[in-house]
Amino acid sequence: MQFFGGSEISPLPPLPTASGNNAHMMYVFNRNGVCLLYREWNRPLRTLNAQQDHKLMFGLLFSLKSLTAKMDPTNAEKGNLGVPQLPGQGCSFHSFRTNTYKLSFMESPSGIKIILVTHPGTGDLRESLKYIYNLYVEYVVKNPLYSPGTPIRSELFDKTLDQYVRGLG
Amino acid sequence: MPPAAPRSGDAIFANVERVNAELFTLTYGAIVRQLLTDLEEVEEVNKQLDQMGYNIGIRLIDEFLAKSNVSRCVDFKETAEAIAKVGFKMFLGVTASVTNWDADGTSCSLVLEDNPLVDFVELPDTCQGLYYCNILSGVVRGALEMVSMKTEVTWIRDMLRGDDAYELQVKLLKQVPEEYPYKDDE
């Protein structure tokens, strides 16, 4: 009889098979914490309402960034924990992985944060996030009808994004 | 290691979509001309051009960052170089030189020898107070504001006013630290 399972404490969730899409959801925030975009592909469990969920995600990233900079062993210059940093100051993280999901994160110096939550087995998505940032530039920033700082409503952008994310390994 | 930031914008300029230079120059001329008709006051036109530039700048910064691979600048000096060598090249097809640093490194001049906006342009006597290229100062100000640098951008020399080059003074007023945007009780 085995009490503690095998080598893994809990096994990876099964790989999604149907659509070939292993992304769960994606967020885009600006510097002011406004959720510009939220896309969801596969999210069976929801515990918070949308607004709280977005705020929690933004808060997590904000704190984690401040923590990672504080823990940096290579850099002597660090402020106190929680004290705001200038953009570009300190180090930043690009992903973390739990046993059930992987969160990839990119922040541009202009304060745009792109977050993609995927299956934990996904590889390095830094280039993909950069590509998504380029899509954002082409489809959102260059759209004269879009006013900066407001939630994105663009069918074309959503469609292109869906297509791209579906193709991610 | 992230890829090194480019020292010049040539490669990017070669890859982005471009429009015919004359079309660009003439369109800009038509906009300025129309503003002069609509607003009548030269001062108002200067202000309007600056505002239009600002609105362009706050969008343009994302395109700049997405395509140029410039990720962070350690100080304002590097920022100025990036604007002059990469930014101007990417969007205007010319480069500027950075000079006239002040002692604490917060103010410098971008000097444009060649300015595609002013081909075919002559200022008539009635528009002597006009900063014809004021849109550029707005663009620089808007773009820098999005990367948390409050700046003041003014024209020092203007060839349309009889100087020997175009000189844009960029003065760093303050850098805005990132803040947690939500209040606790929300």
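Residues numbered from 1 in each chain as written. Chains lettered and ligands numbered in written order. Predicted model: local features only at pLDDT ≥ 70, side-chain atom pairs only at ≥ 80, totals over all residues.

## Some words on the confidence of the model for chain A
All names here are of chain A. Looking at chain A as a whole, the pLDDT averages 82, with 78% of positions reaching at least 70. Here helix α1 (residues 50-71) is the element of chain A with the lowest mean pLDDT, 88, and strand β5 (residues 113-118) is the one with the highest, 94. Below a pLDDT of 50 lies the segment residues 1-8, which in the model reaches zero contacts outside its immediate sequence neighbourhood of four places, other chains included. (pLDDT = per-residue confidence, 0-100. Helix = DSSP H or I, 4+ residues; strand = E, 2+ residues; numbered from the N terminus. Contact = placed C-beta atoms within 7 Å.)

## What to know about the confidence of the model for chain B
Low pLDDT means the predicted atomic positions in that stretch should not be read closely. Looking at chain B, the pLDDT average stands at 87 and 95% of residues meet or exceed 70. At the level of chain-chain contacts, confidence expressed as ipTM amounts to 0.85, with global pTM at 0.85.

## Re helix α4 (residues 76-92) of chain B
The sharpest bend along α4(B) comes to roughly 35°, located at B:I83. Downstream of α4(B) by one or two residues, B:G93 has phi in the positive range, about 80°. (Bend = angle between axes of the 7 residues up to and from the residue.)

## Focus on the environment of B:E43
All names here are of chain B. Structurally, E43 is set in helix α3 (residues 42-68). E43 sits in the exposed class, given 12 other C-beta atoms within 10 Å. Between the alpha carbons of E43 and T27 there is a distance of 21 Å; along the sequence they are 16 residues apart. (Buried ≥ 20, exposed ≤ 12 C-beta atoms within 10 Å, placed from the backbone.)

## Considering the packing of helix α2 (residues 126-141) of chain A against α3(B)
Between α2(A) and α3(B), whose axes approach to 9 Å, the crossing angle comes to 150°. Considered as vectors, α2(A) and α3(B) are oriented roughly antiparallel to each other. Between α2(A) and α3(B) lies a crossing of left-handed hand. When α2(A) is examined against α3(B), the residues A:Y133, A:N134, A:V137 and A:V141 are found in contact with a partner set consisting of B:R59, B:D62, B:E63 and B:A66. Within the contact of α2(A) with α3(B), the residues separate by chemical class into four nonpolar, one polar and three charged. (Axes fitted to C-alpha atoms, helices over the stretch in contact; angles between N-to-C directions. Parallel < 35°, antiparallel > 145°, perpendicular 65-115°, else oblique. Left-handed = near helix turned anticlockwise from the far one by under 90°. Nonpolar A, V, L, I, M, F, W, Y, C, P; charged D, E, K, R; others polar.)

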